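A closer look at the structure
Listed below are the residues making up each chain.
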Amino acid sequence: MDDLFGDMAAGMPEREQLAEGALILRGRALPLEMALLAAIEGIVAVAPFRRMVTPGGFEMSVAMTNCGAAGWVTDRRGYRYDAMDPDSGKPWPPMPEAFLALATEAAAAAGYAGFVPDACLINRYEPGARLSLHQDRNERDFDNPIVSVSLGLPATFQFGGLSRTDPVRKIPLRHGDVVVWGGPSRLFFHGVPALKDGDHPRLGRVRLNLTFRKAL
Ligand code: SIN
Ligand code: FE2
């Protein structure tokens with residue numbers, strides 16, 4: 001048999017619960033792959049990836065950009081959402097239709113009907129880049145879930161609990177996988193340890209991650 005059912009062959013169920021309110025939807029983004037990659041190219045042409053600085057003064061290893069009405073930014077003044085790209089002084093590019101469709105559909109499949117994100121953070125990991133354990137808590141309220149889409153090189157996703165010291169599950173995420181967390185797990189700590197080198201047939205030595213949020 002060819003690899004049409006690669007996920008099943010690899011023993012990965014199509015839906016996997018991570019915690020209460022948190023679900024992995026394997027391969028959910030694959031039907032939209034081409035539209036997503038084309039849309040990312042368009043966004044990056046207007047708002048290029050950049051390595052932002054944390055409030056503590058460290059340059060992040062993950063390069064970031066945004067689309068939507070608000071974009072997540074960090075600098076010496078802190079973490080926040082801003083309607084403007086600080087590098088250009090202009091609004092972030094609008095959220096592409098394919099992004100919105102995927103985020104709403106995946107959220108609904110995970111039990112969060114009516115999710116309409118207004119922000120999408122786009123992360124670019126090169127080999128060695130990492131995102132240390134953190135909570136997503138710069139959004140105005142936590143009633144809406146986070147929808148996270150993985151593209152390119154595989155990564156390990158760490159998913160803990162409400163406390164930084166809670167035990168952490170380590171889940172492999174691959175091209176096309178979508179993770180949704182909300183409700184009781186909305187504020188769970190999560191992160192991505194250093195990306196392993198590799199060569200993805202579509203994206204080369206890169207992992208891209210889209211996280212959709214209702215920020216405003
Ligand atoms: C994030 O927490 O913003 C990104 C998670 C990921 O890259 O999978
Ligand atoms: Fe996050």
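Just so it is clear, the structure is predicted and the values come from calculations on it, not from any experiment.

**Side note on the coordination of the iron ion (ligand 2)**
- Coordination sphere of the iron ion (ligand 2), protein contribution only: His 134 (NE2), Asp 136 (OD) and His 190 (NE2), at 2.1 to 2.2 Å.
- Read in sequence order, the donor residues for the iron ion (ligand 2) give the motif H-x1-D-x53-H. Here His 190 lies in strand β12 (residues 190-192) and Asp 136 lies in the loop between β7 (131-134) and β8 (146-152), a separation of 54 residues in the sequence. This pair shows no difference in class: Asp 136 is buried, exactly as His 190 is.

**Quick look at the pairing of strand β5 (residues 78-82)**
- One ladder, built from 5 bridges, connects strand β4 (residues 71-75) with β5; its direction is antiparallel. When the bridges of β5 are listed, Val 73 appears paired with Arg 80.
- What sits between β4 and β5 in their antiparallel hairpin is a turn of 2 residues.

**A word on the sheet that holds strand β6 (residues 119-125)**
- Spatial strand order, β1-β2-β11-β8-β13-β6-β3: 7 strands in an open sheet with antiparallel pairing. The outermost strands of the open sheet, each flanked by one partner alone, are β1 (15-19) and β3 (63-68). Going across the sheet, the axis of each strand differs from the next one's by a mean of 20°, ignoring polarity.
- Here β1 pairs with strand β2 (residues 22-25) via 4 bridges, running antiparallel. Bridging across to β2, Glu 16 finds its partner in Ile 24.
- Across the sheet, helix α2 (residues 33-46) touches β3, β6, β8 and β13 (207-213), and the angle it forms with β3 is around 100°.

**Topic: the side chain of Arg 207**
- For Arg 207, the position within the fold is in strand β13.
- Buried and unpaired, Arg 207 has no salt bridge, with Asp 177 as the nearest side chain of opposite charge at 8.4 Å.
- At 2.8 Å, the side chain of Arg 207 and the side chain of Ser 150 are in polar contact.
- Apart from residues lying up to four places away in sequence, Arg 207 is in contact with Asn 123, Arg 124, Tyr 125, Ser 150, Leu 151, Leu 153, Ala 155, Leu 173, Val 192 and Leu 195.

**Structural notes on the side chain of Asp 177**
- Looking at the element boundaries, Asp 177 is found in the loop between β10 (169-173) and β11 (178-181).
- Within polar-contact distance, the side chain of Asp 177 engages the side chain of Arg 26 at 2.7 Å.
- A polar side-chain atom of Asp 177 sits 2.8 Å from the main-chain amide nitrogen of Arg 174.
- Filtering out sequence-adjacent residues up to four positions away, Asp 177 remains in contact with Leu 25, Arg 26, Gly 27, Ser 148, Val 149, Ser 150 and Pro 172.

**With respect to the layout of surface pockets**
- Looking at the largest pocket, its volume works out to about 570 Å³.
- Along the wall of the largest pocket there are 31 residues; nearest its centre are Met 60, Trp 72, Leu 131, Ser 132 and His 134.

**A closer look at the sheet that holds β10**
- Strands sit in the order β7-β12-β9-β10 across an open sheet of 4 strands; the sheet is antiparallel. The open sheet has two edge strands, β7 and β10, and neither has a second partner. If you compare each strand with its neighbour and ignore which way they point, the axes differ by 20° on average.
- With 5 bridges connecting them, strand β9 (residues 155-159) and β10 associate as antiparallel partners. Counted as the bridge partner of Phe 157 is Ile 171 from β10.

**Quick word on the site of ligand 1**
- Inspection of the region around ligand 1 gives Asn 123, Tyr 125, Leu 131, His 134, Ser 148, Phe 157, His 190, Val 192, Arg 207, Asn 209, Thr 211 and Arg 213 as its neighbouring residues.
- Contact distances for ligand 1 include 3.0 Å between an oxygen atom and a side-chain N or O atom of His 190.
- Contact with the protein chains covers 99% of the free accessible surface of ligand 1, which is 260 Å².
- Looking at the shell around ligand 1, the elements that each hand over two or more residues are β6, β7, β12 and β13.
- Here the shell around ligand 1 is composed, by residue class, of 4 nonpolar, 6 polar and 2 charged.

Rules and cut-offs
- Residues numbered from 1 in each chain as written.
- Chains lettered and ligands numbered in written order.
- Predicted model: local features only at pLDDT ≥ 70, side-chain atom pairs only at ≥ 80, totals over all residues.
- Heavy atoms only, no water.
- Donors = N, O, S within 2.8 Å, 3.2 Å for Na, K, Ca; no water.
- Helix = DSSP H or I, 4+ residues; strand = E, 2+ residues; numbered from the N terminus.
- Buried < 20%, exposed > 50% of the residue type's maximum accessible area, 1.4 Å probe, protein only.
- Pairing = 2+ DSSP bridges.
- Axes fitted to C-alpha atoms, helices over the stretch in contact; angles between N-to-C directions.
- Contact = heavy atoms within 4.5 Å.
- Lys, Arg positive; Asp, Glu negative; His and termini not counted.
- Salt bridge = Lys/Arg side-chain N within 4 Å of Asp/Glu carboxyl O.
- Polar contact = N/O pair within 3.5 Å; in protein donor to acceptor, adjacent residues only side chain to side chain.
- 1 Å grid on protein atoms, 1.4 Å probe; cavity = no way out; pocket = protein on both sides within 12 Å on 5 of 7 lines; lining within 4 Å.
- Points joined across faces, edges and corners; volume = space filled by probe spheres on them.
- Near = heavy atom within 4 Å.
- Areas by Shrake-Rupley, 256 points an atom, 1.4 Å probe, with all protein chains shown as cover.
- Nonpolar A, V, L, I, M, F, W, Y, C, P; charged D, E, K, R; others polar.

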